[in-house]
Amino acid sequence: MAKDTSATPSVSERTRAALAEAKARGVVLGSAGARNLQATLEKRTATADAFAREMQPLFAEFQAQGLTHRAIAAELNRRGIAAARGGEWTHGQVQRMLNRLGTR
């Protein structure tokens, strides 16, 4: 029994359509590097900055208490406060957050 493929676009047709859509979005085809990643990088930075601003009062409180980075991570986890991607806090994440906030 033969499969009817008349309504289904071929792989090459789907590929051409996807490349045309990418080009319409401003992606430079055949080019790698920072220029193609700029929009994604800007969005991720803005999201991280917003999360840091939201968490700033809490981190200021912990620093006022003199907690170490590891102690801050443990306290955030104890309180059930999720890290930026929803997981538990680690020493490194706390350190990067404080760097983003400009405090150490």
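1. Considerations on the side chain of Glu 75
Then, in step 1: Tracing the sequence through the fold places Glu 75 in helix H3 (residues 69–78).
Then, in step 2: Judged by its relative accessible area of 17%, Glu 75 falls in the buried class.
Then, in step 3: Reaching out from Glu 75, the side chain makes a polar contact with the side chain of Arg 79 at a distance of 2.8 Å.

2. Notes on the pattern of salt bridges
Then, in step 1: Counted under the stated rule, the structure contains four salt bridges.
Then, in step 2: Here Arg 79 makes a salt bridge to Glu 61, at a shortest N to O gap of 3.3 Å. Of this pair, Arg 79 sits in the loop between H3 and helix H4 (91–101) while Glu 61 is found in helix H2 (residues 34–64), placing the two residues 18 residues apart along the sequence.
Then, in step 3: With relative accessibility at 37%, the residue Arg 79 sits in the partly exposed group.
Then, in step 4: Overall, Glu 61 belongs to the partly exposed group, its relative accessible area being 34%.
Then, in step 5: Notably, a salt bridge pairs Glu 75 with Arg 79, separated by 2.8 Å at the nearest N-O pair.

What counts as what
Residues numbered from 1 in each chain as written. Predicted model: local features only at pLDDT ≥ 70, side-chain atom pairs only at ≥ 80, totals over all residues. Heavy atoms only, no water. Helix = DSSP H or I, 4+ residues; strand = E, 2+ residues; numbered from the N terminus. Buried < 20%, exposed > 50% of the residue type's maximum accessible area, 1.4 Å probe, protein only. Polar contact = N/O pair within 3.5 Å; in protein donor to acceptor, adjacent residues only side chain to side chain. Salt bridge = Lys/Arg side-chain N within 4 Å of Asp/Glu carboxyl O.

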